[in-house]
Amino acid sequence: FSANGGISTKLRLLSLEGVDGKPARPRLDREGTFGFDPTVAVAHLRKSDAALGRIIDRVGPFEMRLKHASSLFAALAEAIVYQQLSGKAAATIFGRVCALFPSAPAGVTARQILSVSDENLRAAGLSRSKLLALQDLAERSEAGEIPTLVQIQRWSDDEIVERLSEVRGIGRWTVEMLLMFALSREDVFAIDDLGIQNAMIKLYKLDREDKKKFREDMLRISNKWSPYRTYACKYLWEWKDNSPTI
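Residues numbered from 1 in each chain as written. Predicted model: local features only at pLDDT ≥ 70, side-chain atom pairs only at ≥ 80, totals over all residues. Heavy atoms only, no water.

### Digging into the overall build of the protein chain
Within the protein chain, the secondary structure is distributed over 14 helices and zero strands. For the protein chain, the N- to C-terminal ordering of α and β elements is α-α-α-α-α-α-α-α-α-α-α-α-α-α. Put simply, of all contacts in the protein chain between residues at least 6 apart along the chain, 65% involve residues at least 24 apart. (Helix = DSSP H or I, 4+ residues; strand = E, 2+ residues; numbered from the N terminus. Contact = heavy atoms within 4.5 Å.)

Dropping the structure here:
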């Protein structure tokens, strides 16, 4: 299907087979990859957006893998640590936090976070704001306010954003990263991510000065990518990270 007209042929064949390209809910397979077919996702993105199609050609194929999490608490705790830091710096700090609990290889728990002094958590590299956010998350988890990974899979994306944003230090961006990379939601658009914003400004010649119009333009463009906006975002990130001119 790589020749001219190949993608259109693929889409027609999928249509004849009764495949509409919209899986009811992506599933996590045993190797941690997304449950939707990347071939179908790429075909849809190419067909719906020529500009993004050129980026797909430039980036080439890649494997989009999920982050394994032992619990929703552990996934959110890691997401809090990673906020506004480079991946390397965040990984170092989160590793130090986990090292405070050498007998917990399955992942840090709420009870463990609450059992450690502020001084030890700050010594691991946590800022004061992230320390307070982790403690609030841990207290809510111990109080039964944080669902399990199994329970939250039954919630819609908007419900998850609304409920988890009640936790101190967790905003929409943090929950969207969770939706994408821990819960395998295929149609998430990270509108507040600076990397996505910069990539779309470059690709679509958008103007950031008028914030309201800027967001409206981003949403209008992203609607073309649905139901595979997560995959589109990943292509934009890959392009941004590997393009010397962006």
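Right, picking up where we left off after that structure.
### Observations concerning the nonpolar core
Across soluble globular proteins, nonpolar side chains have a tendency to be buried as a group. Counting residues in hydrophobic clusters, the biggest one holds 71 residues, and the most contacted among them are Leu-52, Ile-113, Ile-196, Met-200, Tyr-204, Trp-225 and Leu-236. Beyond its immediate chain neighbours, meaning those up to four positions away, Leu-236 contacts Leu-52, Ile-196, Ala-199, Met-200, Leu-203 and Trp-225. (Core = buried A, V, L, I, M, F, W, Y, C linked by side-chain atoms within 4.5 Å. Buried < 20%, exposed > 50% of the residue type's maximum accessible area, 1.4 Å probe, protein only.)

### Quick word on the confidence of the model for the protein chain
Across the protein chain, pLDDT averages 84, with 82% of residues at or above 70. At the level of individual helices and strands, the protein chain shows its lowest average pLDDT in helix H1 (residues 6–16), which scores 52, and its highest in helix H13 (residues 211–223), which scores 97. (pLDDT = per-residue confidence, 0-100.)

### Looking at helix H3 (residues 50–59)
In an α-helix, one turn spans 3.6 residues, which is why side chains three or four residues apart end up on the same side. Among the residues of H3, those classed as buried are Ala-51, Leu-52, Gly-53, Ile-55 and Ile-56. In this fold, the buried residues of H3 make contact with helix H2 (38–48), helix H12 (194–204) and helix H14 (229–242). The opening residue of H3, the one whose side-chain oxygen lies 3.0 Å from the backbone nitrogen of Ala-51, is Asp-49. Phi for Gly-60, located one or two positions after H3, is positive at around 80 degrees. (Polar contact = N/O pair within 3.5 Å; in protein donor to acceptor, adjacent residues only side chain to side chain.)

### So, the side chain of Arg-185
Among the structural elements, Arg-185 can be located in the loop between helix H11 (172–181) and H12. Residue class for Arg-185 comes out buried when judged on its relative accessible area of 1%. Only 3.2 Å separates the side chain of Arg-185 from the backbone oxygen of Gln-153, close enough to count as a polar contact.

### Describing the packing of aromatic side chains
Evaluation of the coordinates by the stated rule reveals three aromatic pairs. Ring centres of Phe-189 and Trp-225 lie 5.9 Å apart, and the angle between their planes is 80 degrees; this geometry places the pair in the edge-to-face category. In this pair, Phe-189 is assigned in the loop between H11 and H12 and Trp-225 in the loop between H13 and H14, connecting sequence segments 36 residues apart. The class of Phe-189 is buried, set by a relative accessible area of 6%. Overall, the relative accessible area of 0% leaves Trp-225 in the buried class. Consider the rings of Tyr-231 and Tyr-235, whose centres lie 5.5 Å apart with planes at 85 degrees: the pair is edge-to-face. Here Tyr-231 pairs with Tyr-235, and both are found in helix H14, just four residues apart, close to one helical turn. Note on Tyr-235: relative accessible area 3%, which makes it buried. (Phe/Tyr/Trp six-rings, centres within 6.5 Å; stacked < 30°, edge-to-face > 60°.)

### Topic: a negative patch on the surface
A surface patch of negative charge is lined by Asp-158, Glu-159, Glu-162 and Glu-166. Inspection of the secondary structure puts Asp-158 in helix H10 (residues 157–164). Classification of Asp-158 by relative accessible area gives exposed; the value is 56%. (Patch = residues over 30% accessible without salt bridge, like charges linked within 9 Å, V, L, I, M, F, W, Y side chains within 5 Å. Areas by Shrake-Rupley, 256 points an atom, 1.4 Å probe, with all protein chains shown as cover. Salt bridge = Lys/Arg side-chain N within 4 Å of Asp/Glu carboxyl O. Lys, Arg positive; Asp, Glu negative; His and termini not counted. Charge placed at Lys NZ, Arg CZ, Asp CG, Glu CD.)

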